[in-house]
Amino acid sequence: IIVLTNRKIYSALVPILTEAIKARRILLYNINEHDKSPNACLEITNNTTLTLERGPATIIYDDNLAGEAIVPFLNKDDTRLLNYAIEQAVIIIHEQESENLSVHKVKFGSGYSYEYYFTDSMTFYKIKNKTSEEKELYLDHPKNSGYKFIEPPIQPEETPNFWRFKITLKPKDAMVFTL
């Protein structure tokens, strides 16, 4: 709202939603965004009867400012991730190895011979949770054309550019997640 009085302009933010919405805290790691720390996010679902317009939000936990985010346009029952901070108490180091393997298949046709090779690529995510809380981590692993998982440790969700793995991190624990 913008109010014009006596040649002065005043503006104010007016709350448009006074209902509680479904939200839960998660961490989202994407190597393209931050090298060693995941984003602290809220996974929100618009469980109200309203369509929520895009706008700013302040995230507060236990009367402390946790961060700020922009709420995207949300229709009823839509779910989105709000990135509001970087979680520096969870460290992720990734290492990648690849190995060219011998001939897998030979095919003959139209006067040509075709040799098919495998490239074995492995990614190791070394994850350390320094907090005393259990954390839910969404790990986004890039999709690479021509590659498929032989045996994923858990079934991933698929986004347009990533395989998303949902991992529970135990308090004060470290693990290696191998793909």
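See the structure printed just above.
One structure accompanies this document, and this report is about it. Every value quoted in this text rests on a predicted model; they were computed, and no experiment measured them.

The next thing to look at is the nonpolar core. Of all hydrophobic cores here, the largest spans 25 residues; its most connected members are Tyr 125, Ile 127, Leu 137, Leu 139 and Ile 167. With residues near it in sequence (within four places) discarded, Leu 139 still touches Tyr 29, Tyr 125, Ile 127, Trp 163, Arg 164, Phe 165 and Ile 167.

Right, let's talk about unusual backbone geometry for a bit. Of note, Asp 62 is a non-glycine position whose phi angle comes to about 50 degrees, a positive value. For Asp 62, the position within the fold is in the loop between β5 (55-61) and β6 (64-71). With a relative accessible area of 74%, Asp 62 lands in the exposed category.

A few words on the sheet that holds strand β12 (residues 162-169). Reading across the sheet, the six strands line up as β7-β4-β3-β10-β12-β11 and stay open at both edges, with mixed pairing between neighbours. A single partner strand is all that each edge strand has here, and the edge strands are β7 (79-86) and β11 (157-158). In this sheet, strand β10 (residues 135-142) lies alongside strand β3 (residues 22-30) in parallel orientation, the contact comprising four bridges. Residue pairing in the sheet places Asn 30 in a bridge with Asp 140 of β10.

Moving on: the pattern of salt bridges. Within the structure shown, the criterion is met by nine salt bridges. We note a salt bridge from Lys 126 to Glu 95, for which the minimum N-O separation is 3.1 Å. Residue Lys 126 is found in strand β9 (residues 112-129), and its partner Glu 95 is found in strand β8 (residues 90-109); the two are separated by 31 residues along the sequence. Using a relative accessible area of 36% as the deciding quantity, one classes Lys 126 as partly exposed. Among the residues examined, Glu 95 registers a relative accessible area of 36% and is labelled partly exposed. Taken together, the shared-partner salt bridges in this structure form one network comprising Glu 87, Glu 133 and Lys 135.

Conventions adopted
- Residues numbered from 1 in each chain as written.
- Predicted model: local features only at pLDDT ≥ 70, side-chain atom pairs only at ≥ 80, totals over all residues.
- Heavy atoms only, no water.
- Core = buried A, V, L, I, M, F, W, Y, C linked by side-chain atoms within 4.5 Å.
- Buried < 20%, exposed > 50% of the residue type's maximum accessible area, 1.4 Å probe, protein only.
- Contact = heavy atoms within 4.5 Å.
- Helix = DSSP H or I, 4+ residues; strand = E, 2+ residues; numbered from the N terminus.
- Pairing = 2+ DSSP bridges.
- Salt bridge = Lys/Arg side-chain N within 4 Å of Asp/Glu carboxyl O.

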